[in-house]
Amino acid sequence: MQSDDVIWSVINTQFCSYKVKTTTQNFCRNEYNVTGLCNRQSCPLANSRYATIREKEGVLYLYVKTIERAHTPAHMWEKIKLSSNYTKALEQIDAELIHWPNFTIHKCKQRLTKITQYLIKMRRLQLREQPKLIGVKKKLDRREAVRERKALSAAHLERSIEKELIERLKSKAYGDAPLNVNESVWQAVLDREKKGQTSEKALEDMMDDETDEEDEEELEAEMENEWDDREFVSDISGDEDEDDDGLSDLEEAADEASGDEDDEDSDSDDSPENAPKSSLGKRKMPPPTKPARKRPDKKTKKGPRVEVEYEQEMESAPFSMA
C-alpha cells in the first residue's frame, strides 16, 4: 500500500536524487514535475494522483497518473495527445481533469502556455538565417594533419619508385620486352616516350625559329648602326682618276681614227660611179658619221691599282737615197 505522507517525509528530511538545494529554495529535476519546485503539492513521487504537460518533437502531451495503476510502474502514466490549437488544448485539459484539484489544473494550463510560447519562438528562429557555430577540435585536426603528412610522404615514395622503374624500362635495362611487366603499362610507357620525343622536337623547332628571328633582328640593327656611322671611299686618288680619263680619251681617239679610215675606203670605191652625177652640179651627201660612243662611267673598284698601257704601230716611210 502506497503512502504519500511517508514518501514525502523521507524525501523532505533525508535524501532525494532529484532535489537541488539553494540558499533561497529547493528545486526538483524530475521531468514529470509540473512546476519545477520541490514541495508537497508539486512532487510527482509523493502524490499518487498527479498530472503534467510534456513536449516531444513539437507535439504536446498530457500525462496523468492515478492510484489504480500504482502497482504497475510501466503503465503508471497515461499519455494524451493535445491539439496544436491553444484554445482546443485548454478545453482538452478541462475535460480530462474535470474533478481534479484546482492547483493541478491551473499549473497544467500554465505549463501549456509556457511551452506553446517557446515553440512559437523556436519556429521564428528557424525561419531566420543565423550563422552556424561549429566547434573546433584541435586534437582531431592535429591528428588529421599528421596523417596527411604521412600519406603525402608515402605518395612521394611511390611516385619516385614508379619514376625509377619507368626510367629503367625506357633505358631498356630489362630488355626490349620485359616479362614481368603488364602489356598495358609497357604500351603506355612507349606511347609516353613517343609523345615526349615529338613534343621535344616541336619545342626545339620553335626555339630555333625564335633564335633565328632574334639573330636576324640583331644583325639588321647592327648593320643599320654601322651604316649610319661609316662611309665607303675609293682607294683611287684624284691623279689616278685623271690618268683613267686620259686613257679613255685615247681609246675614243683610236676608235674615231679607225672609223675615218673605213669611210675613206668606201668613198674611194664609190667615186668612179658617182662622177657623172657630180657633173650635174649636185653634191653627194657625205655618209653619216657614227656618233662617238660614250663609255659608261667607271665605277670605283676596290683593290690594288692597275696600270694599262696602249701601244700604236705607225707605218714608217722608206728613206730615199739621193
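Residues numbered from 1 in each chain as written. Predicted model: local features only at pLDDT ≥ 70, side-chain atom pairs only at ≥ 80, totals over all residues. Heavy atoms only, no water.

Participant: Residues and numbers for helix α4 (residues 138–170), please.
Facilitator: The end-to-end C-alpha separation of α4 is 47 Å, in line with the 48 Å expected for 33 residues at 1.5 Å each. In the segment just after α4, Lys172 is the residue with positive phi, at about 60°. (Helix = DSSP H or I, 4+ residues; strand = E, 2+ residues; numbered from the N terminus. Expected span 1.5 Å × (residues − 1).)

Participant: Please give an account of the pairing of strand β4 (residues 59–65) that cites residues and values.
Facilitator: Most of β4 is tucked away: six of the seven residues are buried. With seven bridges joining them, strand β3 (residues 50–56) and β4 adopt antiparallel strand pairing. Paired with Ile53 across the two strands is Leu62, which belongs to β4. Pairing of β4 with strand β5 (residues 77–81), which is carried by five bridges, proceeds in the antiparallel orientation. Paired with Leu62 across the strands is Ile80, a residue of β5. (Buried < 20%, exposed > 50% of the residue type's maximum accessible area, 1.4 Å probe, protein only. Pairing = 2+ DSSP bridges.)

Participant: Which residues make up empty space enclosed by the protein, and what values do they have?
Facilitator: As enumerated under the stated definition, the model contains one cavity of 30 Å³ or more in all. Estimated volume of the largest cavity: approximately 60 Å³. Considering the residues around the largest cavity, the lining is formed by 13 residues, among which Cys16, Cys28, Cys38, Cys43 and Pro44 are closest to the centre. The residue makeup of the lining of the largest cavity, split by class, is nine nonpolar, four polar and no charged. (1 Å grid on protein atoms, 1.4 Å probe; cavity = no way out; pocket = protein on both sides within 12 Å on 5 of 7 lines; lining within 4 Å. Points joined across faces, edges and corners; volume = space filled by probe spheres on them. Nonpolar A, V, L, I, M, F, W, Y, C, P; charged D, E, K, R; others polar.)

Participant: Give a description of the confidence of the model for the protein that names residues and reports values.
Facilitator: The predicted model of the protein has a mean per-residue pLDDT of 75, with 63% of residues at 70 or higher. Low confidence marks residues 269–280, where pLDDT is under 50. Its contacts with residues over four positions away, or in another chain, come to three contacts. (pLDDT = per-residue confidence, 0-100. Contact = heavy atoms within 4.5 Å.)

Participant: Describe a positive patch on the surface, naming the residues involved and giving the relevant values.
Facilitator: Together, Lys138, Lys139, Arg142, Arg143, Arg147, Arg149 and Lys150 give the surface a local cluster of positive charge. Relative to the helices and strands, Arg147 is located in helix α4. (Patch = residues over 30% accessible without salt bridge, like charges linked within 9 Å, V, L, I, M, F, W, Y side chains within 5 Å. Areas by Shrake-Rupley, 256 points an atom, 1.4 Å probe, with all protein chains shown as cover. Salt bridge = Lys/Arg side-chain N within 4 Å of Asp/Glu carboxyl O. Lys, Arg positive; Asp, Glu negative; His and termini not counted. Charge placed at Lys NZ, Arg CZ, Asp CG, Glu CD.)

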